[in-house]
Amino acid sequence: MPVVNRIADYAPQMTQWRRYLHTIPELGNDCFKTAAFVADRLREFGVDELHEGFATTGIVAIINGQADGPTIGLRADMDALPIPEETGLDYASTHAGNMHACGHDGHTTMLLGAAKYLAETRNFSGRVALIFQPAEETGGGAEVMVEEGILDRFNIGQVYALHNAPGFDKGGFYTSPGAMMAAVDEFHIHITGLGGHGATPHLTRDPVVAACGIATALQTIVSRNHYAQDDLVVSVTQIHTGTTDNVIPETAYINGTVRSFDKDVQAMVIRRMEQIVAGQAASYDVSATLEYEKGYPATVNTPEEAGFAAVVASEIAGEDHVIADNGREMGAEDFSYMLEKRPGAYLFIGQGDTAGLHHAAYNFDDEIAPVGASFFARIVERAQPLGAK
């Protein structure tokens, strides 16, 4: 089965929606204009229930099918990134310094297309819960919505989400039956020494060399403290210290990210970081503190639902354009909070050879919006068919 014909008819309208959303990128939980646009469209479609204000601007809309049955959840993220846009598009961002550099405008559009179709046809049993979520990039909007009780309140039994994938076949899909994306943590190390003149280092306690020593020692966590087949990344991404060439500064700051899949590996990283920071600080005669912040957990699909989603994707894109077991990657995604509580699957939909995610020249490809909308619609119709007992 190709793109659902009725959804194909929506393509020009979906393009208009997406391009308008592209002009109004909003950050974090503050997706007020985006949420208002989404709510207006959902009312036009005739959804049965519209619930607003989750995680500040999140929305859950309910569409009832034609028979009793369970509730399936479909999620799209709405927020943008603090990146100045460099696309030169005539529908470029009108919010200076912000842009939809990750395609959430397209994700929202795909779910709106599915919502319009499902509200019109209702060729399914039970209910579908349409989840429009803010703050995926920062703030963990999915975690907040879960904590606010949307899964229990609306009796959502399983959940699915899509993300666009530059560099993968346009309109193709890939997923994995298990761990798909990593947990993401961040660390902050604050070093305090004794500053002084660069010509008399013996009268100082130099935080610069201490920072270099700590940053180097942190690399041994991956190379010497963990089993090579357990995926792990420890990256130092910032070192800030000093202001001029002839002054040894008083302080230094180190920041970075940790990506892992296993909670025991995560615990080992925290333990070793604490030991390294304390030991290196002592060896350089400075003081240092570690702040370790756990972020999004690993995104783990349930195998049965991931396999089912791959079958549905194959009906849309063809078997040759779907990878059912693509392995796992070190990026992160807060849909993980929903998958911790409910069975479901996260999939990527290819958008061909374009600028990459989080790039100032990125733009979502409108041609794949009906494909994603068709997947969302068919996952509902296949999971909860009419006449099912």
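Data block above holds the structure.
Presented here is an overview of the structure given in this document.

The rules we used
- Residues numbered from 1 in each chain as written.
- Predicted model: local features only at pLDDT ≥ 70, side-chain atom pairs only at ≥ 80, totals over all residues.
- Heavy atoms only, no water.
- Helix = DSSP H or I, 4+ residues; strand = E, 2+ residues; numbered from the N terminus.
- Buried < 20%, exposed > 50% of the residue type's maximum accessible area, 1.4 Å probe, protein only.
- Contact = heavy atoms within 4.5 Å.
- Areas by Shrake-Rupley, 256 points an atom, 1.4 Å probe, with all protein chains shown as cover.
- Lys, Arg positive; Asp, Glu negative; His and termini not counted.
- Charge placed at Lys NZ, Arg CZ, Asp CG, Glu CD.
- Core = buried A, V, L, I, M, F, W, Y, C linked by side-chain atoms within 4.5 Å.
- Pairing = 2+ DSSP bridges.
- Axes fitted to C-alpha atoms, helices over the stretch in contact; angles between N-to-C directions.
- Expected span 1.5 Å × (residues − 1).
- Phe/Tyr/Trp six-rings, centres within 6.5 Å; stacked < 30°, edge-to-face > 60°.
- Right-handed = clockwise from strand over helix to strand, strands pointing away.

**Describing the overall build of the protein**
Along the protein, the regular secondary structure elements total eleven helices and 16 strands. Buried positions account for 54% of the 389 residues belonging to the protein. Long-range pairs, those at least 24 residues apart, make up 82% of the contacts in the protein with a sequence separation of at least 6. For the protein, the exposed surface amounts to about 15900 Å²; the carbon and sulfur share of it is 49%. Measuring between centres, the 25 positive side-chain charges of the protein sit 5 Å from its 51 negative side-chain charges.

**Here's the deal with the environment of Ala281**
One can find Ala281 in helix 8 (residues 263-283). Distance from Ala281 to Ala211, taken between C-alpha atoms, is 8.9 Å for residues 70 residues apart in sequence. Among all residues touching Ala281, those that are not within four sequence positions of it are Ile276, Val286, Ser287 and Ala288.

**Some remarks on the nonpolar core**
If you look at the biggest cluster of nonpolar residues, it comprises 59 residues, and the most contacted ones within it are Leu42, Leu74, Leu130, Phe132, Phe173 and Phe375. If sequence neighbours within four positions are ignored, Leu74 has contacts with Leu111, Leu118, Val128, Ala129, Leu130, Ile131, Tyr160, Phe376, Ile379 and Val380. In terms of nonpolar packing, the next biggest core, distinct from the first, is built from 28 residues, Ala129, Ala165, Tyr174 and Met181 among them.

**What about the pairing of strand 2 (residues 58-64)?**
With six of its seven residues buried, strand 2 lies for the most part within the structure. As defined by bridge partners, strand 1 (residues 49-54) adjoins strand 2 across five bridges and the pair is classed as antiparallel. By the bridge assignment, Leu50 is partnered in strand 2 with Ala61. Hairpin geometry of strand 1 and strand 2 is characterised by an intervening segment of three residues between the two adjacent antiparallel strands and by a positive phi of about 50° at Ala55. With six bridges joining them, strand 2 and strand 4 (residues 127-133) adopt antiparallel strand pairing. Of the residues in strand 4, the one forming a bridge with Ile63 is Val128.

**Re the sheet that holds strand 15 (residues 322-323)**
Across the sheet, which stays open at both edges, the eight strands sit in the order 1-2-4-3-5-16-6-15 with mixed pairing between neighbours. Only two strands of the sheet have a single partner each, and these edge strands are strand 1 and strand 15. Bridge count between strand 3 (residues 71-77) and strand 5 (residues 156-165): five bridges; the pairing is parallel. Note on strand 5: the bridge partner recorded for Ile72 is Gln158. Docked against the sheet, helix 9 (residues 303-317) engages strand 5, strand 6 (173-174), strand 15 and strand 16 (344-350), running at close to 30° with respect to strand 16.

**Things to note about helix 2 (residues 11-23)**
With 13 residues, helix 2 extends 19 Å between its outermost C-alpha atoms, agreeing within 8% with the 18 Å of an ideal straight helix rising 1.5 Å per residue. Here helix 2 has its buried residues at Met14, Trp17, Arg18, Leu21, His22 and Thr23. Taken together, the buried residues of helix 2 touch helix 1 (5-9), helix 3 (32-45), helix 4 (104-121) and helix 11 (369-383).

**Quick look at the packing of aromatic side chains**
Taken as a whole and judged by the stated rule, the model has ten aromatic pairs. Note on Tyr174 and Phe348: the rings are 4.9 Å apart at their centroids and 20° apart in plane angle, and the pair reads as stacked. Taken together, the residues span a long stretch of sequence, with Tyr174 in strand 6 and Phe348 in strand 16 at a distance of 174 residues. Across this residue pair, the class does not change: Tyr174 and Phe348 are buried.

**Details of the sheet that holds strand 12 (residues 251-260)**
With respect to topology, four strands assemble into an open sheet ordered 10-12-8-13, the strand pairing being antiparallel. The open sheet has two edge strands with one neighbour each: strand 10 (232-241) and strand 13 (287-294). When the angles between neighbouring strand axes are averaged without regard to direction, this sheet yields 15°. Pairing of strand 10 with strand 12 involves nine bridges; the strand directions are antiparallel. When the sheet's bridge partners are listed, Val236 is paired in strand 12 with Gly256. Where helix 7 (residues 207-224) meets the sheet, it contacts strand 8 (183-192), strand 10 and strand 12, and its direction lies at approximately 175° from that of strand 10. Helix 8 rests against strand 8, strand 10, strand 12 and strand 13 of the sheet, and its axis sits at about 165° to strand 13.

**Concerning the side chain of His22**
Topologically, His22 is positioned in helix 2. In this structure His22 touches Glu85, Leu89, Tyr91, Ala92, Ser93, His100, Asp105 and Asn363, once residues within four positions along its chain are discounted.

**Overview of unusual backbone geometry**
One non-glycine residue with positive phi stands out, namely Asp285, at about 60°. A positive phi is found at His358, a non-glycine position, where the angle reads about 65°. When you line up the elements, His358 lands in the loop between strand 16 and helix 11. The class of His358 is partly exposed, set by a relative accessible area of 40%.

**Structural notes on the environment of Gly350**
Position of Gly350 among the secondary structure elements: in strand 16. Separated by 204 residues in the primary sequence, Gly350 and Val146 place their C-alpha atoms 28 Å from one another. What Gly350 contacts, discounting residues up to four positions off in sequence, is Ala165, Phe168, Asp169, Lys170, Gly171, Gly172 and Ile368.

**So, the pairing of strand 3**
Of all seven residues making up strand 3, seven are buried, and the element is well covered by its neighbours. Alternating positions in strand 3 separate into two faces, Thr71, Gly73, Arg75 and Asp77 on one and Ile72, Leu74 and Ala76 on the other, with burial throughout. As defined by bridge partners, strand 3 adjoins strand 4 across seven bridges and the pair is classed as parallel. Among the inter-strand pairings, Asp77 is bridged to a residue of strand 4, identified as Gln133. Read as a crossover between parallel neighbours, the route from strand 3 over helix 4 to strand 4 is right-handed.

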